[in-house]
Amino acid sequence: MRKNWIKNSGLCLSVAFGCLFLAMDRPKPDENITVIDNIPRKDNNRFYPGNRKPLQPEALIKLPVTAIQPKGWLLEYLKRQKSGLTGQLGHISAWLQKENNAWLSKEGKGEFGWEEVPYWLKGYANIGYILRDKEIIDESRVWLEGVLNSQRSDGNFGPTTVDSNGAEDFWPKMIMLYCLQSYYEYSTDKRVIEFMKNFFRYQLNYPEDKFIRQFHYWQGLRTGDNLHSVLWLYNITGDTWLLDLAKKIHRNSTSWANRNNEHVTGIEGSERPTWTHLLPDWHNVNIAQGFREPAIYYQLSGNKEDLKASYDVHKIIRNYFGQVPGGLFGSDEVARPGFIDPRQGTETCGMVEEMNSDEEMLRITGDIRWSDQAENVAFNSYPAAVMPDFRSLRYITSPNMVVSDALNHSPGINNSGPFLMMNPFSSRCCQHNHSQGWPYFSENLWMATPDNGIAATLYASSEVTAKVATGETVQIDEQTNYPFDDQLIFTIKTRKNSKFPLYLRIPSWCEEAKLEINHVQKSIKSKGGQYIRIERTWANQDQVILHLPMKIGITTWKENKNSVSINYGPLTFSLKIAETYLRKESNATAIGDSRWQKGVNAEAWPSFEIHPSSTWNYGLNLNTISPLDGIVIEKKNFPANNFPFTINDAPIQLKVSGRSIPEWKIDKYGLCGELPASPVRSAQPTDTITLIPMGCARLRISQFPLIDAESAKK
């Protein structure tokens with residue numbers, strides 16, 4: 001037996017040495033892994049049009065609308081949009097009826113001809129391109145062909161509105177240009193290029209004393225949309241006269257620069273009456289949409305003060321009115337001094353425009369804070385603004401919101417009317433503009449890099465197809481339940497080995513990422529707000545696993561009564577409030593300027609009030625020395641329907657100690673009362689309360705008072 005053991009041992013050693021020899025003899029992959037603060041810009045991508053000289057180089061380059069296929073919960077969201085309000089709005093909204101619609105008229109004449117059609121088409125058509133949905137694409141073509149055929153000999157197109165001085169309203173056309181760009185990415189229809197050239201020549205020749213800001217103020221504050229399209233066309237054609245137009249647009253814009261150059265450190269108070277001069281306007285959508293304009297112009301000017309101006313606006317509005325979770329700010333419609341409580345909300349329009357601005361800022365700068373900001377809004381604020389079936393939405397959604405009904409809550413909120421109602425017929429702008437949120441988010445999951453690589457910039461399950469290296473087409477399949485899971489698996493699919501850089505974003509909240517390639521752990525030193533750059537010769541079925549360990553965190557909002565919010569990775573958590581839904585008639589509970597088509601079946605499109613049927617006025621008992629102690633994470637299986645954004649299907653919940661605060665009530669305006677200042681004394685018994693992700697809660701308390709430590713001991 002001893003001889004057999006020696007004989008077998010020798011055989012094993014021989015095999016082991018042979019395997020080692022083969023492993024040593026096999027060529028190792030040409031691999032270089034680095035952790036960097038931003039994307040290098042010394043090269044120009046060969047396959048996707050980035051910024052031509054003299055424009056500043058972009059850090060990241062948008063891929064065509066068809067390059068990225070969402071999967072998982074994001075795909076489910078797009079499907080719900082199609083079967084819900086986005087996909088069916090053409091049969092509901094009066095503004096989208098084809099009869100007497102100025103967008104389908106050669107002369108631009110008709111009753112309906114402002115922002116509604118292009119607002120809706122931005123998202124609706126892109127969902128069709130992304131899903132390769134023939135029905136949506138064909139319907140979109142009806143509108144796009146109408147626009148293309150409406151161009152007149154002078155280059156102008158579509159509906160034309162002028163004021164008493166003969167100054168034209170260009171605002172709705174700025175939005176329609178986005179629709180044409182997406183259509184060109186999908187079809188490469190060269191008519192789009194000539195069409196845009198002709199229109200931009202018209203704008204270039206338009207009398208300067210009547211251009212843009214001389215008309216209604218919307219367009220002066222939102223010229224970043226116009227500027228974006230001009231630079232997009234320049235990067236395709238190289239026509240330098242377009243840069244002259246870009247300069248003309250910018251100098252006629254309402255400036256978002258902080259002309260006072262005031263250093264903003266906190267919330268406005270009566271002792272600082274000059275706060276109103278820090279921004280040209282305090283309308284929530286204008287801010288969310290307009291703040292990107294200086295950064296867009298920076299690409300032409302090269303003046304870092306222009307880029308800084310966009311950062312400054314973002315900081316100002318959040319320092320004054322954004323001391324709340326969810327990535328937005330309390331303005332209802334227009335921000336008001338003193339109204340900074342988390343019961344103040346943001347329009348759904350403001351949410352999707354903020355996401356669009358963040359995505360554009362990311363492309364321009366490569367700064368990961370803009371990815372984080374886009375995800376913050378997308379995961380925590382936006383989902384609660386619509387019903388889970390996507391068949392109705394509300395105008396205003398707040399971080400602390402314990403009733404959603406058809407009553408008038410003014411002046412508690414800065415709107416008079418049923419602005420908290422989930423209604424498919426209502427709110428005109430948001431009813432149409434909501435459609436861009438998820439398709440634009442999908443389009444920005446992946447971007448090309450100047451060095452012919454590719455970057456994962458926002459995270460969701462998806463597959464991207466792109467050209468890299470010297471022209472090879474690769475696919476990368478991303479599997480994840482992020483933001484409800486911390487693991488992302490990337491599988492490379494390629495017909496031949498190809499060397500190119502793959503960039504993976506490390507969110508700012510992640511203290512240290514972990515990386516595996518083909519099941520081999522890689523040693524990296526990283527921190528949040530950086531990119532992992534992996535350059536290697538990739539082979540078919542190579543696999544990368546990125547771990548982004550999530551931890552419980554607490555944000556203290558010192559300037560909002562020392563309240564707190566609780567986070568887990570990119571998710572903020574809200575109190576789980578039992579929701580009671582009351583069905584209402586949509587045509588009886590719509591906002592005053594709403595209009596719907598004759599004969600629409602209102603019964604098929606109901607509205608809903610949502611009322612609380614459980615205690616909501618809780619403060620948190622947190623250990624003053626170790627506040628994270630006692631917070632318990634509970635995870636469930638990811639929902640089989642791939643839709644985690646409901647109170648019952650949330651895959652993660654937290655258990656935490658709390659006490660109700662009887663004095664904190666629904667106030668005289670029918671709103672969640674303003675936060676009591678922390679710490680709050682409460683003689684109520686201690687309860688274990690459940691928190692769910694903020695985006696899952698259509699009624700929610702997301703910003704909590706703290707219970708006084710002494711009263712919590714009793």
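The rules behind each value
- Residues numbered from 1 in each chain as written.
- Predicted model: local features only at pLDDT ≥ 70, side-chain atom pairs only at ≥ 80, totals over all residues.
- Heavy atoms only, no water.
- Helix = DSSP H or I, 4+ residues; strand = E, 2+ residues; numbered from the N terminus.
- Rg over C-alpha atoms; globule rule 2.2 N^0.38 Å.
- Areas by Shrake-Rupley, 256 points an atom, 1.4 Å probe, with all protein chains shown as cover.
- Lys, Arg positive; Asp, Glu negative; His and termini not counted.
- Charge placed at Lys NZ, Arg CZ, Asp CG, Glu CD.
- Core = buried A, V, L, I, M, F, W, Y, C linked by side-chain atoms within 4.5 Å.
- Buried < 20%, exposed > 50% of the residue type's maximum accessible area, 1.4 Å probe, protein only.
- Contact = heavy atoms within 4.5 Å.
- Pairing = 2+ DSSP bridges.
- Axes fitted to C-alpha atoms, helices over the stretch in contact; angles between N-to-C directions.
- Salt bridge = Lys/Arg side-chain N within 4 Å of Asp/Glu carboxyl O.
- Polar contact = N/O pair within 3.5 Å; in protein donor to acceptor, adjacent residues only side chain to side chain.
- Phe/Tyr/Trp six-rings, centres within 6.5 Å; stacked < 30°, edge-to-face > 60°.
- Lys NZ or Arg CZ within 6 Å of the ring centre and 35° of its normal.
- Left-handed = near helix turned anticlockwise from the far one by under 90°.
- Nonpolar A, V, L, I, M, F, W, Y, C, P; charged D, E, K, R; others polar.

(A) Representation of the overall build of the chain in the model. Counting secondary structure elements, the chain contains 18 helices and 26 strands. Taken over C-alpha atoms, the radius of gyration comes to 27 Å for the chain, in line with the 27 Å a tight globule of 714 residues would show. Expressed as lengths along the three principal axes of its C-alpha atoms, the size of the chain is roughly 105 × 70 × 55 Å. Accessible area of the chain: about 27,500 Å², with a carbon and sulfur share of 49%. Each charge class in the chain was averaged separately, 79 positive and 79 negative side chains, and the resulting centres sit 5 Å apart.

(B) Region of interest: the nonpolar core. Judged by nonpolar contacts, the single largest core of 204 residues is most densely connected at Leu63, Phe200, Trp438, Trp446, Phe490 and Leu504. Other than its neighbours up to four places away in sequence, leucine 63 contacts Tyr48, Ile68, Glu185, Trp446, Met447, Ala448, Ile454, Val464 and Ala466.

(C) Broad picture of the sheet that holds strand E3 (residues 68-70). Spatially, E3-E9-E10-E11-E16-E13-E14 is the arrangement adopted by the seven strands of the open sheet, whose pairing is antiparallel. Bordering the open sheet on either side are E3 and strand E14 (520-522), each of which pairs with just one other strand. Each strand of the sheet is rotated relative to its neighbour by a mean of 20°, with strand direction disregarded. In this structure, strand E10 (residues 472-479) lies alongside strand E11 (residues 487-493), joined through five bridges in antiparallel fashion. Bridge pairing in E11 links glutamine 479 to isoleucine 489.

(D) Representation of the pattern of salt bridges. Within the structure shown, the criterion is met by 38 salt bridges. With a shortest N-O distance of 2.5 Å, lysine 499 and aspartate 30 are connected by a salt bridge. Taken together, the residues span a long stretch of sequence, with lysine 499 in strand E12 (residues 498-506) and aspartate 30 in the loop between helix H1 (2-25) and strand E1 (32-36) at a distance of 469 residues. Overall, lysine 499 belongs to the partly exposed group, its relative accessible area being 40%. Classification of aspartate 30 by relative accessible area gives partly exposed; the value is 40%. Residues aspartate 542 and arginine 536 are paired through a salt bridge, measuring 2.8 Å at the closest nitrogen-oxygen approach.

(E) Main features of the environment of serine 526. Secondary-structure assignment places serine 526 in the loop between E14 and strand E15 (530-538). Not counting residues up to four positions away in its chain, the partners in contact with serine 526 are Val35, Ile506, Glu511, Glu512 and Ala513. Engagement of the side chain of serine 526 in a polar contact is seen with the backbone nitrogen of alanine 513, the distance being 3.1 Å.

(F) The arrangement of the packing of aromatic side chains in detail. The full count for this structure, using the stated rule, is 43 aromatic pairs. Judged by centre distance (6.4 Å) and plane angle (75°), the ring pair of tryptophan 73 and tyrosine 77 falls under edge-to-face. You can see tryptophan 73 and its partner tyrosine 77 sitting in helix H2 (residues 72-83), four residues apart, about one turn around the helix. What makes tyrosine 77 buried here is its relative accessible area of 0%. Its end group placed over the ring of tyrosine 178, lysine 122 keeps NZ or CZ at 4.3 Å from the ring centre. The aromatic ring of tryptophan 538 is capped on one face by arginine 536, whose charged end is 5.0 Å from the ring centroid.

(G) Fine view of the environment of alanine 683. Tracing the backbone through its elements, the reader meets alanine 683 in the loop between strand E24 (652-660) and strand E25 (687-693). Residue classification places alanine 683 among the exposed positions, given a relative accessible area of 78%. Separated by 23 residues in sequence, alanine 683 and serine 660 have C-alpha atoms that sit 8.7 Å apart.

(H) Local environment of the packing of helix H10 (residues 241-251) against helix H12 (residues 293-301). Look at H10 against H12: their axes get within 11 Å of each other, and the N-to-C directions meet at 145°. Seen along the crossing, H10 lies across H12 with a hand that is left-handed. Taking contact as the criterion, the partners of Leu243, Ala246, Lys247 and His250 in H10 are, on H12, Glu293, Tyr297 and Leu300. For the contact of H10 with H12, a count of residues per class yields four nonpolar, one polar and two charged.

(I) Up close: the sheet that holds E12. In space, the six strands of this open sheet follow the order E1-E15-E12-E8-E7-E2, with mixed pairing throughout. At either end of the open sheet lies a strand with only one pairing partner, and these are E1 and strand E2 (61-62). Where E2 and strand E7 (residues 446-448) come together, two bridges link them in antiparallel fashion. When the bridges of E7 are listed, lysine 62 appears paired with methionine 447.

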